[in-house]
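Fold and geometry: a report
Residues per chain are reported as follows:
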Protein chains: 2
Amino acid sequence: MNSLPVIDQASDDACCAPASAPALGAEEAKQKALVFKALADPNRLRLLSIVKAESSGESCVCDLTDPLDLGQPTVSHHLKILVDAGLLHREKRGTWAYYSLVPGALDDVAGLLATL
Amino acid sequence: MNSLPVIDQASDDACCAPASAPALGAEEAKQKALVFKALADPNRLRLLSIVKAESSGESCVCDLTDPLDLGQPTVSHHLKILVDAGLLHREKRGTWAYYSLVPGALDDVAGLLATL
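Below you will find a few notes about this structure. (Residues numbered from 1 in each chain as written. Chains lettered and ligands numbered in written order. Predicted model: local features only at pLDDT ≥ 70, side-chain atom pairs only at ≥ 80, totals over all residues. Heavy atoms only, no water.)

Some remarks on the sheet that holds strand β3 (residues 96-101) of chain B
Residue and element names in this part refer to chain B. Put simply, the test is: Only strands that DSSP links by at least two bridges are regarded as paired with each other. Strands here are runs of E lasting at least two residues and helices are runs of H or I lasting at least four, both read from the DSSP assignment and numbered beginning at the N terminus.
Spatially, β1-β3-β2 is the arrangement adopted by the 3 strands of the open sheet, whose pairing is antiparallel. Looking at the sheet topology across the chains shown, the edges are occupied by β1 (59-60) and β2 (88-93). Summarising the sheet, β1 and β3 pair through 2 bridges and their orientation is antiparallel. Considered in β3, the bridge of Cys60 is made with Tyr98.

Looking at the pairing of strand β3 (residues 96-101) of chain A
All names here are of chain A. Heads up, the rule is: When a residue's accessible area, from a 1.4 Å probe over protein chains only, is under 20% of the maximum for its type it is buried; when over 50% it is exposed; and in between it is partly exposed.
Within β3, 5 of the 6 residues are buried, which leaves it mostly tucked inside the rest of the structure. When strand β2 (residues 88-93) meets β3, the two strands line up antiparallel, connected through 6 bridges. Following the sheet pairing, His89 is matched in β3 by Ser100. Counting the residues that bridge the hairpin from β2 to β3 gives 2 residues, and of these Gly94 lies at a positive phi of roughly 65 degrees.

Regarding the environment of Asn43(B)
All names here are of chain B. Cut-off, in case you're wondering: Pairs of residues are marked as contacts when any of their non-hydrogen atoms sit within 4.5 Å.
Along the chain, Asn43 falls in helix α2 (residues 42-53). Assessed through its relative accessible area of 23%, Asn43 is described here as partly exposed. C-alpha of Asn43 to C-alpha of Val75: the two residues are 32 residues apart in sequence and 8.4 Å apart in space. Apart from the residues lying within four places of it in its own chain, the contact partners of Asn43 are Leu68, Leu70 and His78.

Structural notes on α2(B)
Since there are 3.6 residues in each turn of an α-helix, residues three or four apart along the chain are aligned in direction. Condition: Working rule for helices: expected span equals 1.5 Å times residues minus one. Think of a polar contact as two N or O atoms within 3.5 Å of one another; within protein, one of them needs to be a possible hydrogen donor and the other a possible acceptor, and neighboring residues in sequence only count if both atoms come from side chains.
Helix length check: α2(B), at 12 residues, gives a terminal C-alpha distance of 16 Å against a target of 16 Å (1.5 Å per residue), a fit within 8%. Residue Asp41(B) occupies the N-cap position of α2(B), its side-chain oxygen lying 2.8 Å from the main-chain nitrogen of Asn43(B).

So, in structure tokens, the structure goes:
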């Protein structure tokens, strides 16, 4: 996949030189796409927004269901995706799990865009 | 959806005050999620990467199929999603369509993250 096919170069209507291999490799692209998949859902964006706005720096899962008008299993599913993507940190204390933004994680995603 | 239910406040194991309504509204979140959906695919990230790296500032669709080892219909499908999301600009000239980054679009996405 890294070698450039040359068969099209003889084409009558070739418009220009073939593009070089993408700066972004297949594996790296797969990794980077994962974090955008985590962000590609309105409810997950809203969950991040709530956790980010929390003055204490963390939100209890018990407080995240009502504002979104979703059941707790659905909210937990979305939170797990955000944790797996490295955007949220989860800490279990007693009955509840508490979620906080992973420091610098959103900046890192912005950095991914700058270095595409 | 904007009023906070109070039935849970009497719960024995309530951990803390209910979170306020998310800073990010449902409609706004839906809009913001669209651009992340466009970015949530490895091939689309690689297409952006190629177009961005092109010294002329634009890439012909005819040059985007080989580096990704994909057929032209698939590449065109991905390019359409990137255009619809406001990330790429498409210009038809003669036989071919040429794609360029919408100026500032990736910075705008980074800005979305900063203002969640």
